Amino acid sequence: MNSRKFKVIVVYLLAFLTGINFVVFPALGVVFTDREIFGLTQSRFGNLFIPQTGFIILSCLIAPFLVNKYGPKKVLIVGNLLMIFSTGILWLLQFFLGGNFNLFPVLLALVACVGLGFGLSVTTLNPVAADLFPKSESSAILILNFLIGVGTSTAPLMLALAGKNKNWMYVPGIVFVMMILAFAAFLFLHFEKDQSFELPEKIRIPGKLSIFFIAIILYGFIEGTFGGFGTILLKNKGLNSGDSTLGLSLFWGAVAINRLLFGAFAKRFNLSKFFLISPLIVGISVFLLPQISGAGFLLTLMFCIGFFMGSIFPGSIGWGTIEFPVYAVMVSGFLMAADQIGTGVITQVIGNFSNEINLILQILSGITVLIFLLFALLSKRSRISEAF
C-alpha cells in the first residue's frame with residue numbers, strides 16, 4: 001500500500017479533488033442566487049469569498065510552520081477534513097431550505113473552512129509532489145497544478161450535468177463521497193521524515209525569495225483580472241454571453257494545457273528561456289486586447305494570455321523549491337499566499353473602478369514587464385536550468 005506508485009496516485013488524486021472543492025461554491029453561484037433556493041443577493045454572494053480569500057492567505061502562511069512541526073501527513077489530514085466537512089454540511093443544507101433559517105452565516109463559515117482546508121492542502125501537496133520526484137521537482141509541481149486546474153473546471157461541469165438548479169445537492173454529495181474515499185486511501189500512506197518538510201532552526205528568509213513573492217503578487221493581478229472578470233471584459237468588447245463564456249473556458253483551458261506540456265517536456269528540453277519571456281508575451285496580448293475587435297481575434301488573445309501565463313505561478317514554486325531546498329515548504333506557502341493577495345487586491349480594484357478597465361489593462365501590460373525584469377534578476381547565477 002505504501003509503494004511509490006500508490007503514493008503518486010493518491011497524492012495527485014487529492015490534488016484533483018482539492019481543485020474541485022476550491023470552486024464548489026463559485027460553481028453553485030446560480031443556485032445561491034436563485035430566489036427559489038438560497039435566494040442570496042449578488043452582493044451577498046460576492047461577500048462569501050472574502051473569508052475564503054482571507055483564510056487561504058492565512059493558511060498558506062502558517063502551513064510551512066505546521067508541516068515543519070507536525071509533518072505533511074497531519075497537515076494534509078486537517079486540510080482534507082476541513083474540505084470534507086464543508087461539502088458534507090453544504091449537502092445537508094438542502095433539508096433546511098424553505099424554513100425560517102438564516103443560512104448566510106452558515107455559508108460564510110463553510111466557505112472559510114474551504115479556504116483554510118485548500119490553503120493547508122495545496123501548500124503541503126506541492127513539496128510532497130516534489131519529494132516523490134526528486135529529479136523532476138518542477139515538473140512534478142506543474143503536473144500537480146495542472147490536475148488542480150482540471151478539478152476547478154470539473155465542478156461547473158458537474159452542475160451542468162445535474163441539469164436543473166434544484167438538483168444542486170448532487171454536486172457537494174458526489175464530491176463528499178469522492179473525498180471520503182480518497183481520504184481513506186491517504187490514511188494508509190506513510191511519509192518518511194525528509195528535509196523537504198523541515199525548516200532550519202534559525203529561519204533567514206533569502207532575499208531572492210522576497211523577489212519571487214513580489215513577482216507572484218504581480219502575477220496574481222493578471223490571474224485575478226482574467227480569471228474573475230474574463231467574461232465581463234469580453235462582453236464589454238461586444239461579444240455575446242456564449243462567446244464570452246467560451247473565452248473564459250479557453251483562458252483556463254490554455255492555462256492547464258501549458259502546465260501539462262511544461263511538466264511533460266521540461267525534463268527533455270531546456271525551457272528556461274521560454275519561461276522567462278512568457279510574461280512579455282502575456283503583456284503584449286493584454287496590451288492588444290483593448291485595441292482590437294472581432295470574436296475570433298479576442299478569443300485567440302484570451303487563449304494566448306492563458307497559455308503563456310500557465311507555467312508562471314507553479315513554475316515559480318518549482319524553481320523556488322530547487323533554488324531554496326531547505327525552505328521548500330515555505331516557498332510553496334509564501335507563493336500561494338502571494339497569488340491570493342494579488343488576485344484579492346485586483347478583484348477589489350476592478351470592482352471599484354469597472355469603468356476604467358482599459359486603463360487597468362494597460363497598467364497590467366506594464367506590470368508584465370516588471371515580472372520579466374524580476375525573473376531576469378532572479379535567473380542570474382541561479383538553478384533555473386535545473387527547474388526547466
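Residues numbered from 1 in each chain as written. Predicted model: local features only at pLDDT ≥ 70, side-chain atom pairs only at ≥ 80, totals over all residues. Heavy atoms only, no water.

Asks: When you look at the overall build of the chain in this model, what are you seeing that I'm missing?
Replies: The secondary structure content of the chain amounts to 17 helices and 0 strands. The C-alpha atoms of the chain give a radius of gyration of 20 Å, which matches the 21 Å a tight globule of 388 residues would have. Counting only C-alpha atoms and orienting by the principal axes, one finds that the chain spans roughly 60 × 55 × 35 Å. Within the chain, the proportion of its 388 residues that are buried is 53%. A total of about 17,100 Å² of accessible surface is found on the chain, and carbon and sulfur atoms cover 66% of it. Charge separation in the chain, taken as the distance between the mean sites of 24 positive and 14 negative side-chain charges, equals 3 Å. (Helix = DSSP H or I, 4+ residues; strand = E, 2+ residues; numbered from the N terminus. Rg over C-alpha atoms; globule rule 2.2 N^0.38 Å. Buried < 20%, exposed > 50% of the residue type's maximum accessible area, 1.4 Å probe, protein only. Areas by Shrake-Rupley, 256 points an atom, 1.4 Å probe, with all protein chains shown as cover. Lys, Arg positive; Asp, Glu negative; His and termini not counted. Charge placed at Lys NZ, Arg CZ, Asp CG, Glu CD.)

Asks: What should I look at first to understand the environment of Cys60 in this one?
Replies: With respect to the helices and strands, Cys60 occurs in helix α5 (residues 49–70). On a C-alpha basis, the gap between Cys60 and Phe334 in space is 6.4 Å, while along the polypeptide they are 274 residues apart. Ignoring any residue separated from it by four or fewer positions in sequence, one finds Cys60 in contact with Gly119, Thr123, Gly333, Phe334, Met336 and Ala337. (Contact = heavy atoms within 4.5 Å.)

Asks: Which parts of the structure should I look at to understand the packing of aromatic side chains?
Replies: Geometry of an aromatic ring pair is reported as the spacing of the ring centres plus the angle between the planes. By the definition in use, this model includes 16 aromatic pairs. Arranged with centres 5.6 Å apart and planes meeting at 80°, the rings of Trp91 and Phe95 form a pair that is edge-to-face. Trp91 sits in the partly exposed class, given a relative accessible area of 34%. Ring geometry for Tyr219 against Phe313: centres 6.0 Å apart, planes inclined by 15°, an arrangement best described as stacked. Placement of Tyr219 in helix α10 (residues 207–236) and of Phe313 in helix α14 (residues 312–323) is noted, with a sequence separation of 94 residues between them. Taken together, the ring pairs in this structure connect Phe212, Phe275, Trp319, Phe324 and Phe375 into an aromatic cluster. (Phe/Tyr/Trp six-rings, centres within 6.5 Å; stacked < 30°, edge-to-face > 60°.)

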